[in-house]
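Descriptive analysis of the structure
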Amino acid sequence: MLQGVIFIKNFPDDAANGDLWLLSYHKISSMNILIKNIKELVQIEETPQKMVAGKAMSVIGTLANSWLFIEEGRIGDFGMMPIPESILMKQDENCRVIDAENRMVFPSFCDSHTHLVYAGSREIEYIDKISGLSYEEIAERGGGILNSAKRLHNASEDELFEQALGRLDEIICFGTGAVEIKSGYGLNLEDELKMLRVIRKLQRVSPVKIVPTFLGAHAVPTGYKGKQDQFVDMVVQEMIPAVAAEQLADFIDVFCDRGFFTVDETSRILETGSKYGMRAKIHANELDYSGGIQVGVRHNALSVDHLEYTGEEEIEVLLNTETMPTVLPGAAFFLEMVCSPVRRMISAGLPVAMASDFNPGSSPSGNMQFILSLACIKYRMLPEEAINAVTINSAYAMGLSRDYGSIARGKVANVFITTPIPTYSFMPYAYGSNKVSTVILNGKVIRTDSL
Ligand code: NIG
Ligand code: FE
């Protein structure tokens, strides 16, 4: 067994004491790592790209029978076996050698859209859903986001932190190395700040790269029913300045859709967010052709997410912009919605990113391996397209593609070694089982099963 490896298993109990966990992570010594006998290095880049679009999405760089050298937490070099003398020379007491025994190495998945800080769960609504109620009908009955807001209000910052840390540990085991986390279950200033402070604390302790997003306008709270404009005033006048004052978020989100926030309200919120240094990354076109994509692009959003209702007009608007169309297959699967027209988007030349949307209402899973499978099965993406969607393109959708999302020299060493699998296409094909064995984040071995 490898020296200094910690097992992040049996959570949430293991994660119940965040400080202990933090200690064990930081105790792992920083060593260089040489991985040899790799069956195939997947998603390598000689010349790193910001993202890939259209036809280029069906191409990924790979290198069979290879080695990978990790130096000071970053990708140092890689090449074909045998290992050259210049790398062998670097094998000192500060270098750990891992024999991959003919397994594959992937860059860690990037999950650019989650709500993984939440209190409790909502399986009760799951039963309502099975009985035939729609997402909107459940919301109208006080379920949905309002239900999570109530639970969050009653949870302490520590409880929220511990629950979220357990979820982070779980997604680490499934191969995620960078994740965006939104607020949005607060619906008032105090609770939104509580969520964002929890996200900040997670940033400090977790080896996963975390990007925080402020989602003040996620739903209209009960007290503002019929006074939605006043709630938007509050988001703009009180919440945004307070979030910015503590520098708690990099991005700003709005649930711009039928029954939630209008295009004009979204526009107002994004404009103010941008004045306070938060770039837009919004929920759009999940429930209808809501104009969300258009308002996102107008505000130069880094991403517009969901996109079940995307037609030719929306595709046209997205072309030649900096906005990453981001599809959330877990939510469409769980709510049995129509699938976003991904094939049409790619053939029009657009890039596509995919993320988990990990949340208690529409996608209670952050397993990016399952997202890969859904990408292929439900959206008819080729394995290469799906891999690009959950790595480099989803890194771009968090503003991280310079450092994450592929195996390229100089990028942060966030990679995983697989279980013994025959081809990289086996990753989406064999849905339901965990094909991630050893996890390396920031050049440290975080978890291993058997090597
Ligand atoms: O991305 N669509 C809006 N928000 C979340 C769901 C939140 C919830 O139901 O708790 C989503 O699907
Ligand atoms: Fe979401």
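Residues numbered from 1 in each chain as written. Chains lettered and ligands numbered in written order. Predicted model: local features only at pLDDT ≥ 70, side-chain atom pairs only at ≥ 80, totals over all residues. Heavy atoms only, no water.

The next point concerns the nonpolar core. By size, the foremost hydrophobic cluster in this structure holds 104 residues, and its most contacted members are Val117, Leu202, Phe214, Ile269, Met354 and Met381. Examining the composition of this core, we find that eight residues originate from one element, helix α8 (residues 228–245), more than from any other. When residues of this core are assigned to domains, at least three fall in each of domain 1 (25–108 + 405–447) and domain 2 (110–396). Contact partners of Phe214, with chain neighbours within four places excluded, come to Ser183, Glu192, Leu196, Val235, Met239, Ile240, Val243, Ala249, Phe251, Ile252, Asp253 and Met278. By size, the runner-up hydrophobic cluster in this structure holds 19 residues, among which are Ile70, Ala413, Ile440 and Val445. (Core = buried A, V, L, I, M, F, W, Y, C linked by side-chain atoms within 4.5 Å. Buried < 20%, exposed > 50% of the residue type's maximum accessible area, 1.4 Å probe, protein only. Helix = DSSP H or I, 4+ residues; strand = E, 2+ residues; numbered from the N terminus. Domains from an automatic or database assignment. Contact = heavy atoms within 4.5 Å.)

A few words now on the pattern of salt bridges. Scanning all chains against the criterion turns up 17 salt bridges. In this structure, Glu136 engages Arg258 in a salt bridge whose closest nitrogen and oxygen atoms are separated by 2.9 Å. You can see Glu136 sitting in helix α4 (residues 135–140) and its partner Arg258 sitting in the loop between β8 (251–256) and α9 (263–275), a full 122 residues away along the chain. A salt bridge links Arg197 to Glu246; the shortest N-O distance between them is 2.7 Å. Placement of the pair is Arg197 in helix α7 (residues 189–205) and Glu246 in the loop between α8 and β8, with a sequence separation of 49 residues. (Salt bridge = Lys/Arg side-chain N within 4 Å of Asp/Glu carboxyl O.)

This next bit is on the pairing of β8. Strand residues, when the strand is regular, have side chains that alternate between the two faces of the sheet. β8 sits mainly inside the fold: six of its six residues count as buried. Pairing of strand β7 (residues 209–217) with β8 involves three bridges; the strand directions are parallel. Paired with Phe214 across the strands is Ile252, a residue of β8. Traced from β7 through α8 to β8, the parallel crossover comes out right-handed. (Pairing = 2+ DSSP bridges. Right-handed = clockwise from strand over helix to strand, strands pointing away.)

What follows deals with the domain arrangement of the chain. Considered domain by domain, the chain is made up of domain 1 (25–108 + 405–447) and domain 2 (110–396). One C-alpha centre belongs to domain 1, the other to domain 2, and the line joining them spans 29 Å. Summing the contributions of domain 1 and of domain 2, the shared interface buries around 2,800 Å²; its carbon and sulfur component is 66%. The interface formed by domain 1 and domain 2 contains zero salt bridges. Linking domain 1 with domain 2 are 15 residue pairs in polar contact (both at pLDDT 80 or more). Among the secondary structure elements, those contributing two or more residues to the side of domain 1 that touches domain 2 are α1 (18–27), β4 (95–107), α17 (426–429), β14 (436–441) and β15 (444–447). The element contributing the most residues to the side of domain 1 that touches domain 2 is β14, with three residues. (Buried area = accessible area lost by both parts, 1.4 Å probe. Polar contact = N/O pair within 3.5 Å; in protein donor to acceptor, adjacent residues only side chain to side chain.)

Backbone-to-backbone hydrogen bonds join strands into a sheet, with any given pair of strands oriented parallel or antiparallel. Across the sheet, which stays open at both edges, the seven strands sit in the order β3-β2-β1-β4-β13-β14-β15 with mixed pairing between neighbours. Strands with a single pairing partner mark the edges of an open sheet, and in this sheet they are β3 (74–80) and β15. Taking the axes of each pair of neighbouring strands and ignoring which way they run, one obtains an average angle of 35 degrees across the sheet. By the bridge criterion, three bridges tie β14 to β15 in an arrangement that is antiparallel. Looking across to β15, one finds that Leu441 is bridged to Lys444. (Axes fitted to C-alpha atoms, helices over the stretch in contact; angles between N-to-C directions.)

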